[in-house]
Amino acid sequence: MKLSIIIFTLVILILVILSVRERIKRTPTLTRNWQDNNAMASPVSKALANLVGTAGGIYLSVVMLIDFLKLNVPPKVELMDISLEPLAAISISIAIVQPFILRMLGR
């Protein structure tokens, strides 16, 4: 495995961890009811689900916009020997950056 792929993967992993951490800070603390035997979601699982849900919503919106505008988008893009779908990469990137932008805007 090339060093550039390892570095790229580590950078993405660090960004996802920081984004999830920021999302955990932004959500209210879970209340625990120990009398219930129902499984409860942890703050990390909720933040990850939020990250994936946000990325999915952005992806669907971008796909509909591109289809509506009849734009030609390449199916794959090579970035440091990694083949990515451009719309998915853009969607997850926006979803990762979103909590930091919200913090900068004071929301």
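Preceding block: the structure.
Now for a quick tour of the structure. (Residues numbered from 1 in each chain as written. Predicted model: local features only at pLDDT ≥ 70, side-chain atom pairs only at ≥ 80, totals over all residues. Heavy atoms only, no water.)

Remarks on the environment of Gly 57
Mapped onto the fold, Gly 57 is located in helix α2 (residues 43–69). Sequence spacing of Gly 57 and Ser 91 is 34 residues, and the spatial spacing of their C-alpha atoms is 8.4 Å. (Helix = DSSP H or I, 4+ residues; strand = E, 2+ residues; numbered from the N terminus.)

Here's the deal with unusual backbone geometry
Even without being a glycine, Lys 70 presents a positive backbone phi close to 55°. Position of Lys 70 relative to the elements: it lies in the loop between α2 and β1 (77–79). Taking relative accessible area as the criterion, Lys 70 reaches 65% and is therefore assigned exposed. (Buried < 20%, exposed > 50% of the residue type's maximum accessible area, 1.4 Å probe, protein only.)

What about the packing of helix α1 (residues 3–26) against helix α3 (residues 86–105)?
Relative placement of two packed helices is described by the angle separating their axes and the distance separating the axes. Where α1 contacts α3, the two axes come as close as 8 Å, and the packing angle between them is 45°. Judged on the interaxial angle alone, α3 and α1 are oblique. The two elements α1 and α3 cross, and the hand of that crossing is left-handed. On α3, the residues that touch Leu 15, Val 16, Leu 18, Ser 19, Glu 22, Arg 23 and Arg 26 of α1 are Ala 95, Ile 96, Gln 98, Pro 99, Phe 100, Leu 102 and Arg 103. Here the contact of α1 with α3 is composed, by residue class, of eight nonpolar, two polar and four charged. (Axes fitted to C-alpha atoms, helices over the stretch in contact; angles between N-to-C directions. Parallel < 35°, antiparallel > 145°, perpendicular 65-115°, else oblique. Left-handed = near helix turned anticlockwise from the far one by under 90°. Contact = heavy atoms within 4.5 Å. Nonpolar A, V, L, I, M, F, W, Y, C, P; charged D, E, K, R; others polar.)

Nothing here speaks to function; it is all geometry.
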